[in-house]
Amino acid sequence: MTSLPPLDGHDPTSLWTRFSELLWYDEDLGFWLDVSRMALSQPDLDRLQPGFDQAFRAMAELEAGAIANRDEQRQVGHYWLRAPELAPDDATTAHIRLEVDRLSSFGQAVLAGEIRSPGGEPFTDVLWIGIGGSGLGPLLMVRALQQRGRGLPFHFIDNVDPQGISAVLGGLGERLRSTLVIVVSKSGGTPEPHLGMAQSRVRLEAAGGDWAAQAVAVTMLDSHLDKQAQAEQWLRRFDMFDWVGGRTSITSAVGLLPAALIGADLHAFLAGAGAMDRLTRRPEVLHNPAALLAAAWFAAGDGQGRRDMVVLPYRDRLEVFSRYLQQLVMESLGKKYDRSGRVVHQGLAVYGNKGSTDQHAYVQQLRDGLDNFFVTFIEALEDAPDIGPVQGERPGDFLCGFLQGTRSALSEGDRQNLTITLRRFDERSLGALVGLFERAVGLYGELIDVNAYHQPGVEAGKKAAAEVLALQVRLEDLLADGQQRSLAAIAEALELASPEPIFWALRHLGANPRGYRISGDWGNPASLQVIKEPD
Ligand code: PA5
């Protein structure tokens, strides 16, 4: 590298020099990464070099099979999914290859009508039930890659919102009989998919379907879900490996099964991720796009996430990518403790949607308001062939112009931004994008010394919900005697430090026909009285 001038959004000469130095490109993938408009300086690069040397070593050990997720005593093997030959033993290599073959042939057989619904007709729909990494990756695959007229329509249950479940199941209606239901949970014990599955099963059977003949499980061997699927002889089960985390599972069955069922090229997706993996193993920061990204993130937020990442893909198909990255980055890096147990409260906040749409929404603040973010622009150069010029105007030119205009305006306002450009958008480039961010998160996690592969906050959330539900059971048991009580009396009987949790429980119970008569003023919790009416 020649000398890297400091970032000055008003000096075209220095911007051009920085652009020439900090633009990374790979011809084979048709992929550019430009971090020249991030506040990455030569002193930053020098200061970060020892951290990167250690991070490259750690990533090599992780890929060789080290227990990189020490808190859970687990290997971290998502990179093996696109290069099975790198897995630490032959059995794992063979297992990965077998699963890809099984997924691919299952998808082809369903789409060809060789595997049919119990009534004998081809499957008409897919109902995907999964949350977090078991929901967002599949949603991204479908929204990003499904082509008009190819594959089966997908429907998602990724929540326990009764109205959401009702809308999906009601929308499917009688077609539930010919719907392939895929239940996805690595642990096999997450409440959301469990409840979604129970509701769907009742509705499907009421519609005349046969659950076991229509249901597929994607889960870890011997999980509760796996045992159920085996005992009931579900149509298929596919493995989620112990060494693949939810948010990095998109190149496992979790992302490949939807790809197969929408008729997308899952091998090209894996190849794109694998190609990016090879490029991001390079131990030189300036020649490694994931290291460049991690360095730019570090410089922007002082290694403490002081600036949020706003993801702006200028492509409708990538709208879900912002949410996908939100999970990948925030669940991985948002940690209270570093790996030595020191309290650090680390993280990197991510939000976004798509351009140019967002230019008519929050981009106003990005241009003119608080300087607490950096933008990640993503663009694809290839336009749709059937959307040509009308009266001399081409939407693709406008899309490109809007991105460049916003990029320039942000830089002139001293707002940091980086740009990823794909020559064309397809399975391969999506795989490469995923691989890039997975590795950037891994390297950044090393730089800030957090375990990027566990999620204690998610586990704590599950536990807290279980306590609330247990309290509701105790409350309903108490009220079953038909006596009228105040909130304070209930709290005393249940030995609670405060009546507030009772207020929350009763507000929900009272809004539904569950047999509770609640009197008093809802704006004055102390005035409330409740009685269970006789059944
Ligand atoms: O990334 C993660 O590990 C989580 O977001 C999980 O994907 C999520 O909690 C769902 O877990 P499971 O697949 O076990 O149901």
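Structural data are supplied above this passage.
Report on the accompanying structure. (Residues numbered from 1 in each chain as written. Predicted model: local features only at pLDDT ≥ 70, side-chain atom pairs only at ≥ 80, totals over all residues. Heavy atoms only, no water.)

This paragraph deals with the sheet that holds strand 14 (residues 529-532). Read from one edge of the open sheet, 3 strands run 12-14-13, paired in antiparallel fashion. Looking at which strands have only one partner, the edges of the open sheet turn out to be strand 12 (485-486) and strand 13 (516-519). Here 4 bridges tie strand 13 to strand 14, and the two strands are oriented antiparallel to one another. Residue Tyr516 lies in a different strand from strand 14, and its bridge partner there is Lys532. (Pairing = 2+ DSSP bridges. Helix = DSSP H or I, 4+ residues; strand = E, 2+ residues; numbered from the N terminus.)

Take the packing of helix 12 (residues 319-333) against helix 15 (residues 427-447) next. Their axes nearest at 10 Å, the elements helix 12 and helix 15 cross at an angle of 20°. With respect to each other, helix 12 and helix 15 are oriented roughly parallel. Classified by chirality, the crossing of helix 15 by helix 12 is right-handed. Contacts from Phe321, Tyr324, Leu325, Leu328, Val329, Ser332 and Leu333 in helix 12 reach Leu433, Val434, Phe437, Glu438, Val441, Tyr444 and Gly445 in helix 15. (Axes fitted to C-alpha atoms, helices over the stretch in contact; angles between N-to-C directions. Parallel < 35°, antiparallel > 145°, perpendicular 65-115°, else oblique. Left-handed = near helix turned anticlockwise from the far one by under 90°. Contact = heavy atoms within 4.5 Å.)

What follows concerns unusual backbone geometry. Residue Ser356 is bonded to the preceding Gly355 through a cis peptide linkage, with omega at 0°. Along the chain, Ser356 turns up in the loop between strand 9 (350-352) and helix 13 (363-368). With a phi angle near 50°, Gln73 is a residue other than glycine that sits in the positive phi range. Here Gln73 lies in the loop between helix 2 (42-63) and helix 3 (90-111). Residues other than glycine seldom take positive phi values, yet Asp449 does so here, at roughly 60°. By the secondary structure assignment, Asp449 is in the loop between helix 15 and helix 16 (456-479).

All right, on to the layout of surface pockets then. Vacant regions in the atomic arrangement are exposed by a probe of water-molecule size rolled over the atoms. For the largest pocket, the calculated volume is near 1,100 Å³. Arg247, Glu331, Gln455, Val458 and Glu459 are, among the 49 residues lining the largest pocket, the residues nearest its centre. Going through the elements one at a time, helix 4 (133-145), helix 6 (191-206), helix 12 and helix 16 are the ones with two or more residues in the lining of the largest pocket. Broken down by element, the lining of the largest pocket gets its largest block of residues, 5 residues, from helix 16. Looking at the lining of the largest pocket residue by residue, the class counts come to 15 nonpolar, 18 polar and 16 charged. Considering only enclosed or pocket space, the second largest pocket measures out at about 890 Å³ in volume. Every residue lining the second largest pocket is counted, 28 residues in all, and those nearest its centre are Arg315, Arg317, Glu382, Asp383 and Ala384. Elements supplying a minimum of two residues to the lining of the second largest pocket: helix 4 and helix 14 (395-412). Broken down by element, the residue count for the lining of the second largest pocket peaks at 3 residues, all from helix 14. Built from parts of two domains, the lining of the second largest pocket gets at least three residues from each of domain 1 (12-66 + 268-454) and domain 2 (78-264). (1 Å grid on protein atoms, 1.4 Å probe; cavity = no way out; pocket = protein on both sides within 12 Å on 5 of 7 lines; lining within 4 Å. Points joined across faces, edges and corners; volume = space filled by probe spheres on them. Nonpolar A, V, L, I, M, F, W, Y, C, P; charged D, E, K, R; others polar. Domains from an automatic or database assignment.)

Right, let's get into the site of the ligand. Ser134, Ser185, Ser187, Thr190 and Glu331 are the nearest of the 15 residues found near the ligand. A distance of 2.9 Å separates an oxygen atom of the ligand from a polar atom in the backbone of Gly133. At 2.7 Å, a side-chain N or O of Ser134 approaches an oxygen atom of the ligand. Here the ligand has 390 Å² of accessible area as a free molecule, and 91% of this is covered by the chains. Of all the secondary-structure elements, those providing two or more residues to the shell around the ligand are helix 4, helix 12 and helix 16. (Near = heavy atom within 4 Å. Polar contact = N/O pair within 3.5 Å; in protein donor to acceptor, adjacent residues only side chain to side chain. Areas by Shrake-Rupley, 256 points an atom, 1.4 Å probe, with all protein chains shown as cover.)

With parallel pairing, 5 strands are arranged side by side in an open sheet as 4-3-5-6-7. With one partner strand each, in any of the chains shown, strand 4 (154-157) and strand 7 (236-239) form the two edges of the open sheet. Neighbour to neighbour, the strand axes of the sheet diverge by 20° on average, direction disregarded. Packed onto the sheet, helix 4 meets strand 3 (125-129), strand 4 and strand 5 (179-184) and runs at close to 160° relative to strand 4. The strands touched by helix 5 (residues 162-172) within the sheet are strand 3, strand 4 and strand 5, with strand 4 carrying the most contacts at an inclination of about 150°.

Mapping Arg439 onto the fold places it in helix 15. The exposure class of Arg439 is buried, given its relative accessible area of 2%. Of note is the side chain of Arg439, whose polar atom sits 2.7 Å from the side chain of Glu63. Aside from chain neighbours lying at most four places away, what touches Arg439 is Met59, Glu63, Tyr79, Asp277, Thr280, Arg281 and Ala290. (Buried < 20%, exposed > 50% of the residue type's maximum accessible area, 1.4 Å probe, protein only.)

Further remarks concern empty space enclosed by the protein. Taken as a whole and assessed by the stated rule, the structure comprises 3 cavities of 30 Å³ or more. Its boundaries defined by the atoms lining it, the largest cavity holds a volume of some 80 Å³. As for the largest cavity, its lining consists of Val183, Ser185, Gly188, Gly189, Thr190, Pro193, His194, Met197, His224, Leu225 and Gln228. Of all elements in the fold, only helix 6 and helix 8 (224-231) reach the threshold of two or more residues within the lining of the largest cavity. For the lining of the largest cavity, the per-class residue count stands at 4 nonpolar, 7 polar and no charged. In this structure, the second largest cavity occupies an estimated 60 Å³ of space. Forming the walls of the second largest cavity are Leu81, Ile96, Glu99, Val100, Leu103, Asp239, Phe241, Thr251, Ser252, Ala253 and Leu256. When contributions to the lining of the second largest cavity are tallied by element, the ones reaching two or more residues are helix 3 and helix 9 (253-261). Element by element, the count of residues in the lining of the second largest cavity is highest for helix 3, at 4 residues. The residue inventory of the lining of the second largest cavity, partitioned by class, reads 7 nonpolar, 2 polar and 2 charged.

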